[in-house]
Amino acid sequence: MLYDKTIGHPTISKYPMASSYVQKFIKSWINQVEGEVLEEVYDSLSVALSQPSSQIGYKIYTFDGGAHYLATRETVAMCSKGTTGLQTWQACLAMCQWATENCHIFQNKKVLELGCGVGLLGGVISHMCDQVTLTDHHQSVLRAAQHTLDINNINNGNVSPLDWTRIGDVEDEVDVVVAADVVFDRTILPHLVKTIKNKLGSPTGRDKVAYVCSTIRNKDTYNTFIEEINDQGLAIDNLDVSGLKSVYFSGTDVIRLIKLRLTI
Ligand SMILES: C[S@@+](CC[C@H](N)C(=O)[O-])C[C@H]1O[C@@H](n2cnc3c(N)ncnc32)[C@H](O)[C@@H]1O
């Protein structure tokens, strides 16, 4: 699944994957496969094991039953260059899976992503929507997101700086706001919610909506987020993501997906 879509691809095949990622992927694949594993798979594992470990490399994700694939350049470390945005997180993977199962939400829409990281979610949604803008506040993250758009030939996407503590950087009208794994720092939550509210509130008369997917690491932090949403007067719907299945996320994390609207 990882290789057959990418070997020989004119752009993606020239970018090396981090050897630690290749090892982890093949080991996990061998553990999950039912039946006999081809000898070539073990050969690939021994090649990966013999290579020096690299901290950054390319990952290739397939979505929608393999109909689409997307490459990103990511770090192995959770935090690098002072940001957590240089690798893809579980809530993002869950949200990508959810998006592919609910692509009607994005059809003919202008989408804005907050805290985009390397740009996997925005890249996946670009296949469904009219236009997508990937935003973040960190320069290295913005460069990584732009690289994702470039190597995947995504022409209906763009990258723009947007810091939740400085509302107003992206002026374009949007229909749908998305964000994955952005609930981690209590002090920044009022700014995050204010940014979402601001993007839902600009005057077009269109029905705007925001979707935020989170891994619940700390219940108090998540509850603070929900309280902030209530305090700022947004309506919340909890969406059921218990049935989501993907080869990419482990299923051990507790994932929540909420839909937000302005109350009238
Ligand atoms: C845990 S990462 C999640 C990245 C990506 N959404 C994912 O799930 O893989 C959090 C992201 O939020 C961004 N972020 C943190 N504080 C921010 C702020 N004040 N304004 C905009 N983005 C911010 C970080 O740069 C990082 O890309």
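From a predicted model like this one, the values you see are computed outputs, not experimental measurements.

(A) Spatial organisation of the site of the ligand. Close contacts around the ligand come from 20 residues, with Trp89, Gly115, Asp136, Trp164 and Ala180 the closest. Residue Trp89 places a main-chain N or O atom 2.9 Å away from an oxygen atom belonging to the ligand. In this structure, a nitrogen atom belonging to the ligand sits 2.8 Å away from a main-chain N or O atom of Ala180. For the ligand, the protein covers 96% of the area, taking 600 Å² as the surface of the free molecule. Structurally, the ligand is housed in the second largest pocket. Looking at side-chain class alone, the shell around the ligand contains nine nonpolar, eight polar and three charged residues.

(B) Broad picture of the layout of surface pockets. By volume, the second largest pocket amounts to about 510 Å³. Of the residues in the lining of the second largest pocket, the class split is twelve nonpolar, twelve polar and five charged.

(C) Structural view of the pattern of salt bridges. All chains considered together, the criterion is met by four salt bridges. Glu173 is the partner of Lys208 in a salt bridge, and the nearest nitrogen-oxygen pair spans 3.0 Å. Taken as a pair, Lys208 in the loop between α6 (189–201) and β7 (209–215) and Glu173 in the loop between β5 (157–161) and β6 (176–180) lie far apart in primary sequence, 35 residues in all. Under the relative-accessibility criterion, Lys208 is labelled buried at 7%. Given a relative accessible area of 29%, Glu173 falls into the partly exposed group. Taking the shortest distance from any N to any O, the salt bridge between Arg261 and Asp207 comes out at 3.3 Å.

(D) Looking closely at the packing of aromatic side chains. Evaluation of the coordinates by the stated rule reveals three aromatic pairs. Measuring from ring centre to ring centre gives 6.1 Å for Trp98 and Phe106, while their planes differ by 85 degrees; the resulting arrangement is edge-to-face. Note on accessibility: Trp98 and Phe106 belong to one class, buried. Pairing Trp98 with Tyr211 gives two aromatic rings, centres 4.9 Å apart and planes at 45 degrees, and the pair type is tilted. You can see Trp98 sitting in helix α3 (residues 90–101) and its partner Tyr211 sitting in strand β7, a full 113 residues away along the chain. Tyr211 shares its class with Trp98; the two are buried.

(E) Layout of unusual backbone geometry. For Asn153, which is not glycine, the phi dihedral falls at a positive 55 degrees. Positionally, Asn153 belongs in the loop between α5 (139–151) and β5. Under the relative-accessibility criterion, Asn153 is labelled exposed at 51%. Residues other than glycine seldom take positive phi values, yet Asp181 does so here, at roughly 50 degrees. Judged by relative accessible area, Asp181 falls into the buried class, the value being 10%.

Calculation notes
- Residues numbered from 1 in each chain as written.
- Predicted model: local features only at pLDDT ≥ 70, side-chain atom pairs only at ≥ 80, totals over all residues.
- Heavy atoms only, no water.
- Near = heavy atom within 4 Å.
- Polar contact = N/O pair within 3.5 Å; in protein donor to acceptor, adjacent residues only side chain to side chain.
- Areas by Shrake-Rupley, 256 points an atom, 1.4 Å probe, with all protein chains shown as cover.
- 1 Å grid on protein atoms, 1.4 Å probe; cavity = no way out; pocket = protein on both sides within 12 Å on 5 of 7 lines; lining within 4 Å.
- Sits in = over half its atoms within 2 Å of the grid points.
- Nonpolar A, V, L, I, M, F, W, Y, C, P; charged D, E, K, R; others polar.
- Points joined across faces, edges and corners; volume = space filled by probe spheres on them.
- Salt bridge = Lys/Arg side-chain N within 4 Å of Asp/Glu carboxyl O.
- Helix = DSSP H or I, 4+ residues; strand = E, 2+ residues; numbered from the N terminus.
- Buried < 20%, exposed > 50% of the residue type's maximum accessible area, 1.4 Å probe, protein only.
- Phe/Tyr/Trp six-rings, centres within 6.5 Å; stacked < 30°, edge-to-face > 60°.

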